[in-house]
Each structure stands twice: as C-alpha cells, then as structure tokens.
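What follows is the residue order along each chain.
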Amino acid sequence: MSNEEIYSYKTSSSQLVKIAEIASRYKGRPEMLMKVVIQTQKIVTAFSASVAAVIAREMEIPQTQVYSFITFYAMLSVKPRGKYIIRMCKSAPCHIRGAKEIVTALEDLLGIKMGETTEDKRFTLEYCPCLGICEQSPAIMINDRTYVNLTPESVREVVRRYIREEVE
Ligand code: FES
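Let us look at the structure shown here. (Residues numbered from 1 in each chain as written. Predicted model: local features only at pLDDT ≥ 70, side-chain atom pairs only at ≥ 80, totals over all residues. Heavy atoms only, no water.)

## Some thoughts on the packing of aromatic side chains
Argument step 1. Across all of its chains, the model carries 3 aromatic pairs by this definition.
Argument step 2. Measuring from ring centre to ring centre gives 4.8 Å for Tyr 84 and Tyr 162, while their planes differ by 75°; the resulting arrangement is edge-to-face. Taken together, the residues Tyr 84 in strand β1 (residues 84-89) and Tyr 162 in helix α8 (residues 152-163) connect sequence positions 78 residues apart. With respect to burial, Tyr 84 and Tyr 162 carry one shared label: buried.
Argument step 3. Grouped by ring-pair contacts, the aromatic residues Tyr 84, Phe 123, Tyr 147 and Tyr 162 constitute a single cluster.
Argument step 4. Across the ring face of Tyr 127, the terminal group of Lys 90 is positioned such that the distance to the ring centre comes to 4.7 Å. (Phe/Tyr/Trp six-rings, centres within 6.5 Å; stacked < 30°, edge-to-face > 60°. Helix = DSSP H or I, 4+ residues; strand = E, 2+ residues; numbered from the N terminus. Buried < 20%, exposed > 50% of the residue type's maximum accessible area, 1.4 Å probe, protein only. Lys NZ or Arg CZ within 6 Å of the ring centre and 35° of its normal.)

## Quick look at helix α4 (residues 49-59)
Argument step 1. Those residues of α4 not exposed but buried are Val 51, Ala 52, Val 54, Ile 55, Ala 56, Glu 58 and Met 59.
Argument step 2. Phi for Glu 60, located one or two positions after α4, is positive at around 60°.

## Side note on the nonpolar core
Considering soluble globular proteins, one finds that nonpolar side chains tend to be buried as a cluster.
Argument step 1. The biggest cluster of nonpolar side chains holds 26 residues, and the ones touching the most others in it are Ile 86, Ile 140, Ile 142 and Tyr 162.
Argument step 2. Where this core is concerned, the elements lending two or more residues are β1, α7 (99-110), β2 (123-128), β3 (140-142) and α8.
Argument step 3. It is α7 that provides the largest number of residues to this core, a total of 6 residues.
Argument step 4. The residues contacting Tyr 162, other than those within four sequence positions of it, are Tyr 84, Arg 122, Phe 123, Ile 142, Arg 145, Tyr 147 and Val 167.
Argument step 5. Leu 16, Ile 19, Val 44 and Val 51 belong to the second-largest nonpolar core, a separate cluster that totals 22 residues. (Core = buried A, V, L, I, M, F, W, Y, C linked by side-chain atoms within 4.5 Å. Contact = heavy atoms within 4.5 Å.)

## Brief notes about the environment of Ile 96
Argument step 1. Structurally, Ile 96 can be placed in helix α6 (residues 92-96).
Argument step 2. On a C-alpha basis, the gap between Ile 96 and Ser 137 in space is 8.9 Å, while along the polypeptide they are 41 residues apart.

## Focus on unusual backbone geometry
Argument step 1. Cis geometry is found at the peptide bond from Ser 137 to Pro 138, where omega equals -5°.
Argument step 2. Note on placement: Pro 138 falls in the loop between β2 and β3.
Argument step 3. The phi dihedral of Glu 60 falls on the positive side, at around 60°, and the residue is not glycine.
Argument step 4. Within the secondary structure, Glu 60 is located in the loop between α4 and α5 (63-72).
Argument step 5. With a relative accessible area of 55%, Glu 60 lands in the exposed category.
Argument step 6. The phi dihedral of Glu 165 is positive, around 60°, even though this residue is not glycine.
Argument step 7. Structurally, Glu 165 is set in the segment after α8.

## Observations regarding the side chain of Thr 124
Argument step 1. Within the element layout of this structure, Thr 124 appears in strand β2.
Argument step 2. Take Thr 124: its relative accessible area is 2%, and that puts it in the buried class.
Argument step 3. Engagement of the side chain of Thr 124 in a polar contact is seen with the side chain of Thr 117, the distance being 2.8 Å.
Argument step 4. With residues near it in sequence (within four places) discarded, Thr 124 still touches Arg 81, Gly 82, Tyr 84, Ile 85, Ile 86, Glu 116 and Thr 117. (Polar contact = N/O pair within 3.5 Å; in protein donor to acceptor, adjacent residues only side chain to side chain.)

If you want it as structure tokens, here you go:
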C-alpha cells in the first residue's frame, strides 16, 4: 500500500484539535508515541496524513517516525475500522474454551469475517493476543470493554446491545 493510499482518509478539524491537545502533552518525548497513538485511536478510526502531521508537529518528532510506528504495530491498523472494534482473543486458553464458536457467532451475526468491517462502518472483527483474563475465557473486547465467560448466545446478546446502540 502506498503512503498516498494510506493517507487518503480525511480527518475533521475538531478531531485534529483534540489530537493536537493530546500530542502536545508529550512534546519532545518520542517514547510516549504509543500512548498518543492509542489515545488518538479513540478519536479517529484511521490515521490520515493530517493526523500523522499533527502528532509529529506537537511532539516535535519527524512525521516518518510517526508513520513507521503506526505501521509497525499491526494491531494499530491504518485501515479505516468500525466504530466498534470487536477483538477476539486468539490465545490457547480461549481457544480451548470455545473461541471458535464465539467467532462463528460473531461472523454470522454481523455478516463479515474476522479482519473485516461492516459496510456501515459500525463493526470491525479482529483477533488480538491474550487479554490477560484467561481464567474467564473465552473473552472479547469491544473498544475498551471486556466481556468474559462467553457462549455463542451471550456474545450475540452483547453485540445486539451495540447494534441497538444501548451502550455508552
Ligand atoms: S487466552 Fe484469552 S484471555 Fe488469555
């Protein structure tokens, strides 16, 4: 993917102001880039050229460094993603305790496969490493909330609440 394609997403100026405010807290501290990128992901679902430029300017680091950082972390995808990112733990304990059935329930309910985003840009399904709550597996995260001890029925019920926007 060329930089031009990656950077073809638009970001509103009010989003850029918020991102600038976050990045400016870490001026001259490139080691805080991870934190800035994670906080930025709460504001935008994709990193446009202007987002990278604003972070670079406010943190006083080269834009190329921001971009390589973003691409380095596969989890911090540069593709546009849904409003709700559903992350399914891919590690062994969850797998043993029924992750596959959870994935099937999610894919069937949303009509997409893992790694895809619904056409209305509301849901993205992806795998992630162990969420650190193996004793309550199988587990998923939806944005920054965790849901544990799931069954196909309970995960459908959780996601239906998001479909109906019955979550904050
Ligand atoms: S293996 Fe799934 S939370 Fe640890």
